[in-house]
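Chain by chain, the residues run as shown.
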Amino acid sequence: MLQGGKQQNLLPFDKLGRRVILPYSFSKMGMIVDRYPKLHDRILSTPWAQNVLARRLEVILSELEKFAPDLLITEYYPMGDAFWTNEVPIFLERIRNKVKRIFCSCGYVSPVDEAVEVIGEFYDAVFIHSPQRFLESYLRYFRFDDRDREKFMPVFDVHRDKIYYTGFVIDREEEEIERWDEYILVSRGGGVINRKIISLALGFSKYRKDLKFVIVLGPSTPESEVNEVKELAGENVIVYHYVSRPQFNYLLKNCRVSLNMSGYNTSTKLLYYRKPAIIYPLDAVEQMARAKCLTEFLPIRIIAESSLSFRKLGEWVEELWEIKPSSVFSESDFQGEKDFLRALQYELQAIPE
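Now for a description of the structure that goes with this document. Keep in mind the model is a prediction, meaning the values are calculated, not measured.

Attention shifts here to the overall build of the chain. The helix and strand inventory of the chain stands at 16 helices and 12 strands. Compactness check: the chain gives a C-alpha radius of gyration of 21 Å against a globular reference of 20 Å for 353 residues, within 12% of the reference. C-alpha extents for the chain along the principal axes are approximately 65 × 45 × 45 Å. Considering the chain as a whole, with its 353 residues, one finds that 49% of them fall into the buried category. Summarising the internal contacts of the chain: among those between residues at least 6 apart in sequence, 72% fall at separations of at least 24. Of the roughly 18200 Å² of accessible surface on the chain, 50% is carried by carbon and sulfur atoms. Side chains of the chain carry 48 positive and 51 negative charges; the gap between the two charge centres is 2 Å.

Across the six residues that make up strand 4 (residues 101-106), a large majority, six, are buried. Alternating residues of strand 4 divide into Arg101, Phe103 and Ser105 and Ile102, Cys104 and Cys106, and every residue in both groups is buried. The pairing of strand 3 (residues 71-75) with strand 4 spans five bridges and is parallel. Note on strand 4: the bridge partner recorded for Glu75 is Ser105.

Bringing the pairing of strand 10 (residues 257-260) into the picture now. If a strand is regular, its side chains alternate between the two faces of the sheet. Neither face of strand 10 is left uncovered, since the one carrying Val257 and Leu259 and the one carrying Ser258 and Asn260 both have all their residues buried. Both strand 7 (residues 184-187) and strand 10 contribute to a ladder of three bridges, which runs parallel. Bridge assignment links Val186 to a residue of strand 10, and that residue is Leu259. Pairing geometry for strand 10 and strand 11 (residues 277-279), over three bridges, is parallel. Bridge pairing links Leu259 to Ile278 in strand 11. Note on the crossover from strand 10 through helix 13 (residues 264-273) to strand 11: the handedness is right-handed.

In this section: the pattern of salt bridges. Going through the model one piece at a time under the given rule, you end up with 28 salt bridges. Of the charged contacts in the structure, one is a salt bridge between Glu63 and Lys66, with a shortest N-O distance of 3.3 Å. Here Glu63 and its partner Lys66 are both found in helix 4 (residues 47-67), three residues apart, which amounts to about one turn of the helix. A relative accessible area of 11% means that Glu63 is categorised as buried. With a shortest N-O distance of 2.9 Å, Glu225 and Arg188 are connected by a salt bridge. On the criterion of sequence distance, the pair formed by Glu225 in helix 11 (residues 223-232) and Arg188 in the loop between strand 7 and helix 10 (195-207) is long-range, its members being 37 residues apart. One salt-bridge network, held together by shared partners, links Arg188, Arg195, Glu225 and Glu228.

A word on the nonpolar core. With 68 residues, the main nonpolar core has Met79, Val109, Tyr123 and Phe156 as its most contacted residues. It is helix 6 (residues 115-122) that provides the largest number of residues to this core, a total of five residues. With residues near it in sequence (within four places) discarded, Phe156 still touches Met79, Val109, Ile128, Leu135, Leu139, Ile163 and Tyr165. Counting 28 residues, the second-largest nonpolar core is a separate cluster that includes Ile184, Leu217, Val237 and Trp321.

To continue, consider the sheet that holds strand 7. Across the sheet, six strands lie side by side as 9-8-7-10-11-12; this open sheet has parallel pairing. The sheet is open, and its two edges are formed by strand 9 (237-240) and strand 12 (300-302), each paired on a single side. The mean inter-strand angle of the sheet, taken between neighbouring strand axes irrespective of direction, is 15°. In the packing of helix 12 (residues 245-254) onto the sheet, the strands contacted are strand 7, strand 8 (213-216) and strand 10, and the crossing angle to strand 7 comes to about 140°. With respect to the sheet, helix 15 (residues 310-321) is in contact with strand 7, strand 10, strand 11 and strand 12, its orientation differing from that of strand 11 by roughly 150°.

Conventions and cut-offs
Residues numbered from 1 in each chain as written. Predicted model: local features only at pLDDT ≥ 70, side-chain atom pairs only at ≥ 80, totals over all residues. Heavy atoms only, no water. Helix = DSSP H or I, 4+ residues; strand = E, 2+ residues; numbered from the N terminus. Rg over C-alpha atoms; globule rule 2.2 N^0.38 Å. Buried < 20%, exposed > 50% of the residue type's maximum accessible area, 1.4 Å probe, protein only. Contact = heavy atoms within 4.5 Å. Areas by Shrake-Rupley, 256 points an atom, 1.4 Å probe, with all protein chains shown as cover. Lys, Arg positive; Asp, Glu negative; His and termini not counted. Charge placed at Lys NZ, Arg CZ, Asp CG, Glu CD. Pairing = 2+ DSSP bridges. Right-handed = clockwise from strand over helix to strand, strands pointing away. Salt bridge = Lys/Arg side-chain N within 4 Å of Asp/Glu carboxyl O. Core = buried A, V, L, I, M, F, W, Y, C linked by side-chain atoms within 4.5 Å. Axes fitted to C-alpha atoms, helices over the stretch in contact; angles between N-to-C directions.

In structure tokens form, the structure reads like this:
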């Protein structure tokens, strides 16, 4: 596995195979261009970015040469996250004759101008890890501009024979961890991006001291921020720097209401455990589209900063506290990892010796 972002050690990659962490990182650049897309090409053309790109490509091509894979799987690109995968379009061209199959694996999609052309030229299959009806709902709410819609949306028709909807990928293991009997779970995923959701939760916990809170900050949170949050937390708040995936499952399953940003993993687990939620999206595009999509399937309230108040949050919590949503997806909709692995096995067996 070639990992391009910040190293995380919470999953046992090294027990299952070999992991290579690419040198340097485009994380800061990715965060900038996520907010200001028009700066992408300008930043990527700088000597610093070109040097980083060359060093990372050198490692990628060297590792692929040594490992000589039959099957290559790229994450998201060319169906999303184009700003975070600057190397992929370049090394696809260089290794196209050295691998026998190329797949794309993605939990969600976002516009990539060249998706139609790149899939047609390089890819054998695209696996989208959600039911088709959920993705279609998500796309209805996605804020495409006219150019993105014209360039990207035809991919679903042009390459419909290559696109597979596996259902949600979700881990079900649970592990007990300290919690209140009844509480609001506050989380912001693995990336430390949205400090506002933590500040909001701390302020709300002081406004409503009758409620209990469990706050999970995330594995990338610096110790300075962890210490700051713990100092500010009242007696009605439990703060975790990070928890394992089974522990997070346990916390989400047993909470009364979730306060989150509507990332892919948290959203799939909200659907699996059928939990009401208050969502504070980081962006007005991907996360907002998923938050609005979730309103079709669960009791969801979406925070708008223009009308944000602790009083309103309190009203929402009281509305959601007693709701126990019914199931809207079947168990088969949460078998994405099994369906994906079956397809991989089929493709590997089909590769000629």
